[in-house]
Amino acid sequence: MKKIYYIRQILVSIMVILILTWAFIKNQIISKIIISPFLICSISVLGENLFLILNKEKIANIFKKIFNISFFVYIYGFLAYATYYVIVNKSYSLFIIIGIFFIGSTCFFKKTFFNKK
């Protein structure tokens, strides 16, 4: 039953990779920067599920870590841009929302990478 789930995830990630690759090729540099974390995440999901089907859990865990790193780079990059936007437009009340998301993502980061089982 798990293999059916893995195959479904592989098919979805292949479709996403195709769409994102097409968008990556067709767009300008700033759009490529925005698209690249999603492309990296979808490639890592593909690799993780492919190696889970092949019962290679160590390699699947490497792809899972790549996904997590790419995800957090995107989140913190977005928060950095949002901070820049708030400062430039002088709408300082948005710092509250940015702070909440920063604290939440930092807690999630600690749970993801530093959780000792």
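Residues numbered from 1 in each chain as written. Predicted model: local features only at pLDDT ≥ 70, side-chain atom pairs only at ≥ 80, totals over all residues. Heavy atoms only, no water.

Chemist: Explain the overall build of the chain to me, and be specific about the residues and the numbers.
Modeler: Looking only at helices and strands, the chain features 4 helices and 0 strands. Reading the secondary structure of the chain in the N-to-C direction produces α-α-α-α. Rg of the C-alpha trace for the chain: 17 Å, well past the compact-globule value of 13 Å for 117 residues, more than 25% over. Taking the principal axes of the C-alpha coordinates as reference, the chain spans close to 50 × 45 × 20 Å. In the chain, 53% of the contacts between residues at least 6 apart in sequence involve partners at least 24 apart. (Helix = DSSP H or I, 4+ residues; strand = E, 2+ residues; numbered from the N terminus. Rg over C-alpha atoms; globule rule 2.2 N^0.38 Å. Contact = heavy atoms within 4.5 Å.)

Chemist: Report on a nonpolar patch on the surface, specifying residues and quantitative values.
Modeler: On the surface, a nonpolar cluster with roughly 980 Å² of combined accessible area is contributed by Tyr81, Tyr84, Tyr85, Val88, Leu94, Ile96, Ile97, Ile100 and Phe101. Contributions of two or more residues to the nonpolar patch are made by helix 3 (57–89) and helix 4 (95–113). Within the element layout of this structure, Leu94 appears in the loop between helix 3 and helix 4. Residue Leu94 is classed as partly exposed on the basis of its relative accessible area of 33%. (Patch = residues over 30% accessible without salt bridge, like charges linked within 9 Å, V, L, I, M, F, W, Y side chains within 5 Å. Areas by Shrake-Rupley, 256 points an atom, 1.4 Å probe, with all protein chains shown as cover. Salt bridge = Lys/Arg side-chain N within 4 Å of Asp/Glu carboxyl O. Buried < 20%, exposed > 50% of the residue type's maximum accessible area, 1.4 Å probe, protein only.)

Chemist: Account for the nonpolar core, with residues named and values stated.
Modeler: Formed by Ile17, Leu20, Ala23, Ile35 and Leu39, the largest nonpolar core amounts to 5 residues. Listed by contribution, the elements that provide at least two residues to this core are helix 1 (2–26) and helix 2 (29–53). Top contributing element to this core by residue count: helix 1, with 3 residues. Setting aside residues up to four positions removed in sequence, Leu39 forms contacts with Ile17, Leu20 and Thr21. (Core = buried A, V, L, I, M, F, W, Y, C linked by side-chain atoms within 4.5 Å.)

Chemist: Please set out the packing of aromatic side chains residue by residue, giving values where relevant.
Modeler: According to the stated counting rule, one finds 16 aromatic pairs in the structure shown. When the ring of Phe67 is compared with that of Phe71, the centres are 6.4 Å apart and the planes differ by 10 degrees; the resulting orientation is stacked. In this pair, Phe67 and Phe71 both sit in helix 3, 4 residues apart, roughly one turn of the helix. With relative accessibility at 30%, the residue Phe71 sits in the partly exposed group. (Phe/Tyr/Trp six-rings, centres within 6.5 Å; stacked < 30°, edge-to-face > 60°.)

Chemist: Run through the environment of Ile7, naming residues and quoting values.
Modeler: Within the fold, Ile7 resides in helix 1. Since its relative accessible area comes to 43%, Ile7 is described here as partly exposed. Note: C-alpha distance between Ile7 and Asn49 (42 residues apart in sequence) is 7.5 Å.

Chemist: Got a sec to walk through the packing of helix 3 against helix 4? Specific residues and values, please.
Modeler: The description of two helices packed together rests on the angle between their axes and the distance between the axes. Two elements in contact, helix 3 and helix 4, have axes separated by 11 Å at closest approach and are oriented at 165 degrees. Here helix 4 runs roughly antiparallel to helix 3, going by the angle between their axes. Between helix 3 and helix 4 the crossing geometry is left-handed. Residues Asn68, Ile69, Phe71, Phe72, Ile75, Tyr76, Leu79, Ala82, Thr83, Val86 and Ile87 of helix 3 touch helix 4, and the partners they reach there are Phe95, Ile98, Phe101, Phe102, Ser105, Thr106, Phe108, Phe109, Thr112 and Phe113. (Axes fitted to C-alpha atoms, helices over the stretch in contact; angles between N-to-C directions. Parallel < 35°, antiparallel > 145°, perpendicular 65-115°, else oblique. Left-handed = near helix turned anticlockwise from the far one by under 90°.)

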